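Chain by chain, the residues:
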Amino acid sequence: MEFRLPLEVAALLERLQAQGHEAFVAGGCVRDALRGETPSDWDICTSALPEETIACFSDCTVHRTGIRHGTVLVLYQGAGYEITTYRTEGGYADHRHPDEVRFVRTLEEDLSRRDFTINAMAYNPQVGLVDPFGGQADLRSGVLRCVGAPEERFREDTLRILRALRFAAKLGFAIDPETGAAMLRQRAGLDCIARERIFAELKAFLCGAQVLPLLLDYRELLAQFLPELRPMFGHPQNNPHHCYDVWEHTAHAVAAVRQEPVLRLAMLFHDCGKPDCYTVDEDGVGHFHKHPQRSAELAEAALTRLHCDNRTKEDVVLLIAWHDRLHHVSRASVGRMLAALGPRRAELLMEVIQADDRAKSPAYAQSDTRDLAEAKALLEQLLAEGFCLSRQDLKISGRELMELGASGPEIGRVLEQLLAEVQAEQLPNEAQALNRRAAELLRSAKTVEIESSPRCRIGKNQV
């Protein structure tokens, strides 16, 4: 096995060993290196106690931030390296953090506390690979398996359940049956995990290349913290456009879209409102009228609960609300969509619609693909023509409206009306035409104001 360590990492190991301590790189960096990838971080574990580690690097800057858990950060050759004392952990009252950490002197004791066999390997140039739990064999076989008893690993830290999904989706690994069964049995422990941590793992899982089978097999894990998803499970569609139930369609749609968090979250929630909107006509055909609006409401509530950042939440909610609005593709309909969403979101919406179509019945794929291609072409055309996106793009300004006699909030109202008419292509975005139309709007507003005044109404009654 060829395993090349960066020179700086090798030097750190050598310095610890020269002082009589064991030292290895361990965990995810070993896993990635064995897969032929370049690790983003090199984590070092050692038999040296934290104070002994600090003494070994007395000529370096050392940060003691994690020393209570045995970790110090050594700045060496311009980079930071975490060096952690061999340890075991005990008691997990909050299902996440150990109640106590005990330092140990053997590498195998340290590796035995880790989550999965593929993350429980260590290496140094003198000893070679240390793999007491069969991680290399699981890596070759594409199996994700817990170290030791799965129930214990997930009771210690329930977030490991979602880490398992993330690793399996990213690496394309099958989850060992015993590990998978324990994940499902221990899922209630996710209720104790901080929502921010759950959301981070959810995004990473959804963006895995092999997410589809895991969405189908482990849907109850997701429903533990996203109950909005459960009504989709097994819900029939009874519609010729669909060959899957609502959840199966959702899973295929997630896998069909680009691996980007906003897009994959949008596909996860895009049809979650369907069960609430389900009706069946006299021919037995299922319909889901207004389901995009209901899905957007449910998605917003779920993302708020998971402490999703506002930009992502707004993107996802708008994409869901618009995902089923382009039934009749025309220049006007694409223009309305572009005006409401803006270029970035409009282009994302094209990807959402495409993924939605790919997860439907193949019998309708050709016509749906043709409509989408037309919508994309119209979008590109409108953008190339300089489609008017905001009041700032109008060839008229508030100063010019003031010269026509407008003042105060009236200026904003007239500009909004002009923008709407330009976007609907009822009015060209040309200075002369805009000035003429603005004058008409202002005259009309003055007439309405005069006719609705109390003095005017009294005069008419007297006549």
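Rules behind the numbers
Residues numbered from 1 in each chain as written. Predicted model: local features only at pLDDT ≥ 70, side-chain atom pairs only at ≥ 80, totals over all residues. Heavy atoms only, no water. Helix = DSSP H or I, 4+ residues; strand = E, 2+ residues; numbered from the N terminus. Buried < 20%, exposed > 50% of the residue type's maximum accessible area, 1.4 Å probe, protein only. Pairing = 2+ DSSP bridges. Salt bridge = Lys/Arg side-chain N within 4 Å of Asp/Glu carboxyl O. Axes fitted to C-alpha atoms, helices over the stretch in contact; angles between N-to-C directions. Parallel < 35°, antiparallel > 145°, perpendicular 65-115°, else oblique. Contact = heavy atoms within 4.5 Å. Nonpolar A, V, L, I, M, F, W, Y, C, P; charged D, E, K, R; others polar. Polar contact = N/O pair within 3.5 Å; in protein donor to acceptor, adjacent residues only side chain to side chain. 1 Å grid on protein atoms, 1.4 Å probe; cavity = no way out; pocket = protein on both sides within 12 Å on 5 of 7 lines; lining within 4 Å. Points joined across faces, edges and corners; volume = space filled by probe spheres on them. Core = buried A, V, L, I, M, F, W, Y, C linked by side-chain atoms within 4.5 Å. Phe/Tyr/Trp six-rings, centres within 6.5 Å; stacked < 30°, edge-to-face > 60°. Lys NZ or Arg CZ within 6 Å of the ring centre and 35° of its normal. pLDDT = per-residue confidence, 0-100.

Remarks on the side chain of lysine 274
And step 1. Following the sequence through the fold, lysine 274 ends up in the loop between α13 (261-269) and β12 (279-280).
And step 2. The exposure class of lysine 274 is buried, given its relative accessible area of 3%.

A look at the pairing of strand β5 (residues 79-85)
And step 1. With three bridges joining them, strand β2 (residues 44-46) and β5 adopt parallel strand pairing. Looking at β5, one finds that cysteine 45 is bridged to threonine 84.
And step 2. As judged from the six bridges shared by strand β4 (residues 71-76) and β5, these two strands associate in the antiparallel manner. Each bridged residue has a counterpart across the sheet, and for valine 72 the counterpart in β5 is isoleucine 83.

Regarding the pattern of salt bridges
And step 1. According to the stated counting rule, one finds 31 salt bridges in the structure shown.
And step 2. Here arginine 15 and aspartate 59 are joined by a salt bridge, their closest N and O atoms 2.6 Å apart. Here arginine 15, found in helix α1 (residues 7-18), pairs with aspartate 59, found in the loop between α3 (50-56) and β3 (61-63); they are 44 residues apart in sequence, far enough to count as distant.
And step 3. Owing to a relative accessible area of 24%, arginine 15 belongs among the partly exposed residues under this scheme.

Considering the packing of helix α9 (residues 195-206) against α13
For any two helices packed against each other, one specifies the inter-axial angle together with the distance between the axes.
And step 1. At a minimum axis separation of 9 Å, α9 and α13 run at an interaxial angle of 90°. Here α9 lies roughly perpendicular to α13, going by the angle between them. On the side of α9, the interface is formed by Phe199, Leu202, Lys203 and Leu206, while α13 contributes Pro261, Arg264, Leu265 and Leu268.
And step 2. Its residues assigned to classes, the contact of α9 with α13 comprises six nonpolar, no polar and two charged.

Comments concerning the sheet that holds β2
And step 1. Taken in spatial order, the seven strands line up as β3-β4-β5-β2-β1-β8-β9 in an open sheet, and their pairing is mixed. Two strands close off the open sheet at either side, each with one partner strand: β3 and β9 (128-130). Taking the axes of each pair of neighbouring strands and ignoring which way they run, one obtains an average angle of 35° across the sheet.
And step 2. Set on the sheet, α1 makes contact with β1 (23-26), β2, β4, β5 and β8 (122-124); between it and β1 the angle comes to about 145°.

Side note on helix α12 (residues 246-256)
And step 1. Within the sequence span of α12, burial applies to Val246, Trp247, His249, Thr250, Ala251, Ala253 and Val254.
And step 2. Buried residues in α12 make contact with α9, α10 (211-217), α11 (219-225), α13 and α16 (331-358).
And step 3. Among the residues of α12, the N-terminal cap falls to aspartate 245, whose side-chain oxygen and the backbone nitrogen of tryptophan 247 are separated by 3.0 Å.

Let's talk about the layout of surface pockets
And step 1. Put simply, the largest pocket is a space of about 1400 Å³.
And step 2. Of all the secondary structure elements, the ones that give two or more residues to the lining of the largest pocket are α2 (28-34), β2, β4, β5, β6 (87-90), α7 (160-171) and α9.
And step 3. Size it by volume and the second largest pocket reaches roughly 540 Å³.
And step 4. Secondary-structure elements contributing two or more residues to the lining of the second largest pocket are α16 and α17 (365-384).
And step 5. At four residues, the largest contribution of residues to the lining of the second largest pocket is made by α17.
And step 6. Looking at the lining of the second largest pocket residue by residue, the classes come out as six nonpolar, eight polar and nine charged.

A word on the nonpolar core
And step 1. Val25, Leu202, Phe205 and Phe269 are the most contacted members of the largest nonpolar core, which totals 110 residues.
And step 2. Here this core gets eleven residues from one element, more than from any other, and that element is α16.
And step 3. In contact with leucine 202, not counting residues within four places along its chain, are Leu222, Phe225, Leu226, Leu265 and Leu306.
And step 4. Listed in part, the 17 residues of the second largest apolar core include Ala406, Leu415, Leu418 and Leu441.

A few points about the packing of aromatic side chains
And step 1. The final tally for this structure, using the stated rule, is three aromatic pairs.
And step 2. Both rings, one in phenylalanine 233 and one in tryptophan 247, keep their centres 5.1 Å apart while their planes meet at 70°; by these two values the pair is edge-to-face. Taken together, the residues span a long stretch of sequence, with phenylalanine 233 in the loop between α11 and α12 and tryptophan 247 in helix α12 at a distance of 14 residues.
And step 3. Of note, arginine 166 hangs over the ring of phenylalanine 167, and the distance from its end group to the ring centre comes to 5.0 Å.

Regarding the pairing of β1
And step 1. Side-chain alternation along β1 places Ala23 and Val25 on one buried face and Phe24 and Ala26 on a second face that is also buried.
And step 2. Strand direction decides the pairing type here: β1 and β2, joined by three bridges, are antiparallel. Bridging from a neighbouring strand, alanine 23 pairs with threonine 46 of β2.
And step 3. Bridge count between β1 and β8: two bridges; the pairing is antiparallel. Residue valine 25 lies in a different strand from β8, and its bridge partner there is tyrosine 123.

As for the confidence of the model for the protein chain
And step 1. For the protein chain, per-residue confidence averages 92 on the pLDDT scale, and residues scoring 70 or more make up 93% of the total.
And step 2. The model gives residues 455-463 a pLDDT under 50, and that stretch makes five contacts with residues more than four places away or in other chains.

Some words on the environment of glutamate 347
And step 1. Looking at the secondary structure, you find glutamate 347 in helix α16.
And step 2. Classification of glutamate 347 as partly exposed rests on a relative accessible area of 43%.
And step 3. C-alpha separation for the pair glutamate 347 and histidine 270, spaced 77 residues apart in sequence, amounts to 17 Å.
And step 4. Leaving out residues up to four positions away in the same chain, glutamate 347 has contacts with Leu379 and Leu383.

Details of unusual backbone geometry
Backbone geometry follows two general trends: most residues other than glycine have a negative phi, and most peptide bonds adopt the trans configuration.
And step 1. Located in the positive-phi region is asparagine 238, a residue other than glycine, with phi close to 45°.
And step 2. As for its position among the elements, asparagine 238 is in the loop between α11 and α12.
And step 3. If you check the backbone angles, histidine 307 has positive phi at about 60° while not being a glycine.
And step 4. Tracing the backbone shows histidine 307 in the loop between α14 (291-305) and α15 (310-322).

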